[in-house]
Amino acid sequence: MHSSEDPRPAPADPAAPTAPDGVGPSVGDAPRQPPAVEPYRHPAAGWGAAKSVTKFLVREGEYLDGPRAIMRMNHEDGGFDCPGCAWPDDLKGLKLDLCENGIKHVGWEMTRKRVDRAFFAAHTVTELSEWSDFALEDQGRLTQPMVYDPETDRYRPIAWRDAFELVGRTLRELDDPNRAAFYTSGRLGNEATFLYQLMARELGTNNLPDCSNMCHEASGRAMQAALGTGKGTVDLKDWEAADALFILGVNAASNAPRMLTALAAAYERGARIVHVNPLVEAAARRTIIPHDFVDMALNKSTRTSTLNVQPRIGGDMALLRGMAKALLEQSAHDPKALDRRFVERHTSGFAEYRAVCEATSWAEIERQSGVSRAQILAAARIYRDADRSIVSWCLGVTQHEHGVDTVREIVNLLLLRGNLGREGAGPSPVRGHSNVQGNRTCGIDHRPGREFLDRLREVCRIDPPTGHGKDTVATIEAMNRGEIEVFVGMGGNFALAAPDTAYTHAGLRTCALTVHVSTKLNRSHLVHGRQALILPCLGRTEKDRQRGGEQSSSVEDSMSMVHLSRGMKRPASPLLLSEPAIVAGIARAALPDSATPWEWYVEDYDRIRDTMAEVLDGFEDFNRRVRLPLGFRIKQPARELVFLTPSGKAEFSAAPLPDVVPAPGTLALGTMRSHDQWNTTIYSDDDRYRGVKNLRTLVFMNPDDMRERGLTEFDPVDVTATARDGSTRSLHGYLAVPYDIPRGCAAGYMPEMNVLCAIGDHSTQSDQPIMKHLKVTVTAAAARRKEPAAAG
Ligand SMILES: Nc1nc2c(c(=O)[nH]1)N[C@H]1C(S)=C(S)[C@@H](COP(=O)(O)OP(=O)(O)OC[C@H]3O[C@@H](n4cnc5c(=O)[nH]c(N)nc54)[C@H](O)[C@@H]3O)O[C@H]1N2
Ligand SMILES: Nc1nc2c(c(=O)[nH]1)N[C@H]1C(S)=C(S)[C@@H](COP(=O)(O)OP(=O)(O)OC[C@H]3O[C@@H](n4cnc5c(=O)[nH]c(N)nc54)[C@H](O)[C@@H]3O)O[C@H]1N2
Ligand SMILES: [Mo]
């Protein structure tokens, strides 16, 4: 077990689960305790959450600073925005609007532990590569810029000026700017985002891969095509006004915990809530409202679900189509089942859609969804009875081959009853990172629109490239072909978050230079190019002092609210720079003759915002409006029933149903997060709401599927994924865990299981890696081996 004082990795365990090519699964803090699984019988949030937070704060030594900072989080009077998730702030702004995982995430950033030069002097990169991902991040905050020294195989300190010059020179020497790629993880504030994309485009490339490419790319593409907007159209007021909420493919209690408050309030006022998920997650049961300490004291919980539907993995589209079919059938004698006036006035393509619904048989719908007709009718009835419905979704819907078609089916269903452009109704994707939506709004897009580029050209006086750049998957493929020489990661942990771990690592190692702007040490620093830099930056909780005084950055939440975030803590080290300052430093070095006033921008972020106001739609009067108590909401034409689509109307989509039924002997496996992790950051090996303790290397399986394979609880198994191109990837020694999941389906944790996601297995609709639908076989581990077997 790794304790905080002992930075050494756990001794190698020969029976430990293994993956190919020495790519080890990342394990949490207590890997050698015996695993346990038992059903979780308590409401979500409440005391379990409070206990877990206390344990975390004590472990992180944040006992003094933690609570005070947390009181400042998400406050209208100028605290910092919770870096945890993209759920919007409580509109009343008065209560403590926070949750267990937000607190952990803030604590993670505010830790007192430090990774200093002495640490890097003491450990070679080869040695650090053997450490678990937990152990790496657990060393604390990075303190100064470091450069890789191949002679000693160590990182050594480098002055900021020299670091910028190294990046600048390497970029200047490229014979083509498209040999560089600039990754963004969704934490980056809007001002830094704007400068970052400006730098890439001034250099001459649209190679702007981002975490959205793995997350909500499908949602953006689908809604753009259907409604002429890449975003959801509702806000929290709509959530408060809805009569029915449909929650698809999101584990809200863990990944958007503040949604629990909205669900409990909705249930209490009589709204119906339907959860669609192969697993019945904690948010589909009961909750104690995360910040309601009175309810906590009384142990008073609220139901958060009317109906739980468990489709097979990938079965959502068939289920939604079944609901639409039911409505259309019923509309013959029930005018409420179909809003004909809305459909006529505001939509296009209805006749084709109706025809495809009629042509799809109930037998096919039941088979593809894995849900009985009776249950589909029950969901359709709730939808029909509600005057105002919201459909909300996350990765369970998007990370599939047919993610775009499924999101379009969500829109189809909403259009049938005119659930758009009015209070309490509409599509509401739950975004991931706290500013991933803002990143797109502010220009991180490898397929930028014409209008945006024209405005950039005019206002910023640069000549931006117009062709499509590379997204995440294309970047990894290009690296492996030797076409990318410089990789810059603005936050995130690309080496672990991206699919096909071994292939991604091979790609990163081909680069001439890898640069990571980070707050903590992670795997991406160890899987490096011939030259490598770690550039440590301020976190969101920290004071950002520039020439013009203390600065704030803006962020946009899942519901298009833009507001300011201001850090309040002393920086973890005096040598940290802000992200805008780092971008400006690199830009100046890479573009010495640039007319962009990089340094001037960084002195006062208001200046960046003034330029953004001229370039970005909906940002007029940015500096004033962003200082309003709750910020401002970006105007959305679709919300006003103005559709920027070719037909000028909302478009139905009549796509055929995909075949998602697993071939005999195979399972559809979805990769997902545990409760105690934040993407690639693992807090512990527990997954409280699913009742799991001390185990991450597991496969959740239907008990009948286990029986069929002669497996019982905790039997070691080999998991082999077969890619479209026929290649296979395996994990060995994972433990089978019986779970309430439909037959033919299985689940396990990201990022460890990225080893199984072939690079070529990305959606032909969105290019998103198909992380929720791996085609796998699970078999008893060969001979219950004692030694790790060679991987296939
Ligand atoms: N605490 C915490 N918060 C986070 C994160 C974190 O790691 N930790 N990550 C952030 C990020 S970047 C993102 S994108 C979001 C992710 O938030 P989620 O989308 O909730 O993330 P996942 O854990 O991948 O879980 C997806 C859910 O989809 C379900 N699912 C799997 N396959 C299917 C399917 O075919 N159909 C349906 N209907 N459901 C399916 C799974 O059972 C699971 O409940 O959360 C954000 N918030
Ligand atoms: N198999 C599988 N793979 C997945 C997914 C899945 O569901 N299944 N989900 C995908 C999704 S939705 C996403 S969004 C990606 C996540 O991919 P990323 O965004 O790349 O990964 P994170 O784990 O969120 O990044 C964590 C790192 O960010 C850095 N960091 C934290 N705060 C800051 C900050 O304020 N500034 C800077 N510069 N750095 C900071 C720290 O160094 C930390 O180590 O993973 C994807 N990968
Ligand atoms: Mo995400």
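Residues numbered from 1 in each chain as written. Chains lettered and ligands numbered in written order. Predicted model: local features only at pLDDT ≥ 70, side-chain atom pairs only at ≥ 80, totals over all residues. Heavy atoms only, no water.

### Here's the deal with the pairing of strand β17 (residues 513-518)
Heads up, the condition is: We call a residue buried when its accessible area falls under 20% of the maximum for its residue type, exposed when it is over 50%, and partly exposed in between, using a 1.4 Å probe and counting protein chains only. Only runs of H or I of at least four residues qualify as helices and only runs of E of at least two qualify as strands under DSSP, and these elements are numbered from the N terminus. Strands qualify as paired when DSSP identifies two bridges or more between them.
Counting buried positions along β17 yields 6 of 6 residues, so the element is predominantly enclosed. Where burial is concerned, the two faces of β17 agree: the one with Leu513, Val515 and Val517 and the one with Thr514, His516 and Ser518 are both buried. Bridge analysis of strand β16 (residues 486-490) against β17 gives 5 bridges, and the strand direction is parallel. When the sheet's bridge partners are listed, Val488 is paired in β17 with Val515. Of the strand pairs in this sheet, β17 and strand β18 (residues 531-536) are connected by 6 bridges, and their pairing is parallel. Within β18, the position partnered with Ser518 by the bridge is Pro536.

### Some remarks on the confidence of the model for the chain
Heads up, the condition is: A score from 0 to 100, pLDDT tells how confident the predictor is in each residue. Every residue pair with non-hydrogen atoms within 4.5 Å of one another is taken to be in contact.
Per-residue confidence for the chain averages 90 on the pLDDT scale, and 89% of its residues sit at or above 70. Counted against residues more than four places away or in other chains, residues 785-792, with its pLDDT under 50, gives 18 contacts.

### Some thoughts on the pattern of salt bridges
In plain terms, the rule: Basic side-chain nitrogens of Lys or Arg form a salt bridge, by our definition, when they fall within 4 Å of a carboxyl oxygen of Asp or Glu.
Taken as a whole and judged by the stated rule, the model has 47 salt bridges. Between Glu165 and Arg169 there is a salt bridge, and its shortest N-O distance comes to 3.9 Å. A residue pair is termed a helical-turn pair when its members lie 3 or 4 positions apart in one helix, as Glu165 and Arg169 do in helix α7 (residues 160-173) at 4 residues. Residue classification places Arg169 among the partly exposed residues on the basis of a relative accessible area of 35%. Of the charged contacts in the structure, one is a salt bridge between Arg588 and Glu599, with a shortest N-O distance of 2.8 Å.

### Let's talk about the nonpolar core
Generally speaking, nonpolar side chains in soluble globular proteins are found buried as a group. Quick reminder of the rule: By nonpolar core we mean a set of buried residues, namely Ala, Val, Leu, Ile, Met, Phe, Trp, Tyr and Cys, connected to one another through side-chain atoms within 4.5 Å.
Ranked by size, the top nonpolar core spans 60 residues in total, and within it Leu171, Phe182, Tyr196, Met199, Leu533 and Leu535 carry the most contacts. Dropping the residues within four chain positions of it, Leu533 is found in contact with Met146, Val147, Ile158, Ala163, Leu166, Val167, Thr514, Val515 and His516. If you look at the next biggest cluster of nonpolar residues, it comprises 56 residues, including Val276, Ala318, Ala326 and Leu416.

### Considerations on the sheet that holds strand β22 (residues 561-565)
Backbone hydrogen bonds hold the strands of a sheet together, and the pairing may be parallel or antiparallel. Here is the rule: In this description, a line fitted to the C-alpha atoms serves as the axis of each element, helices being fitted only across the stretch in contact, and the angle between N-to-C directions of two axes falls anywhere from 0 to 180 degrees.
Taken together, 3 strands build an open sheet; the order of strands is β21-β22-β23 and the sheet is antiparallel. Of all the strands in the sheet, the pair left with one neighbour each is β21 (553-556) and β23 (632-633). Alignment of β21 against β22, held across 4 bridges, turns out to be antiparallel. Counted as the bridge partner of Ser554 is Leu564 from β22. Against the sheet, helix α8 (residues 190-203) touches β21 and β22, its axis set at about 90° to β21.

### Overview of the site of ligand 2
Short version of the rule: Note on terminology: near, applied to a residue and a molecule or strand, indicates that one of the residue's heavy atoms is within 4 Å of it. In the analysis that follows, any N or O atom pair within 3.5 Å is treated as a polar contact, provided that within protein one partner can donate a hydrogen and the other can accept it, and provided that, for residues neighboring in sequence, both atoms belong to side chains. The protein chains shown are the only cover counted for residues, whose accessible areas, like all others here, come from Shrake-Rupley with a 1.4 Å probe. Lys, Arg, Asp and Glu make up the charged group, whereas Ala, Val, Leu, Ile, Met, Phe, Trp, Tyr, Cys and Pro make up the nonpolar group; the residues left over, Gly among them, are polar. Domain limits in this description derive from either an automatic procedure or a database domain assignment.
Taken together, 31 residues lie around ligand 2, and Tyr183, Arg187, Ala497, Glu579 and Thr680 are the ones closest in. Between ligand 2 and Tyr183, the relevant distance is 2.7 Å, taken from an oxygen atom to a side-chain nitrogen or oxygen of the residue. One of the backbone N or O atoms of Gly492 is found 3.1 Å from an oxygen atom in ligand 2. Contact with the protein chains hides 98% of the accessible area of ligand 2, taken as 930 Å² for the molecule alone. Within the shell around ligand 2, the residues separate by chemical class into 12 nonpolar, 13 polar and 6 charged. Each of two domains, domain 1 (3-34 + 662-780) and domain 3 (115-214 + 435-604), supplies a minimum of three residues to the shell around ligand 2.

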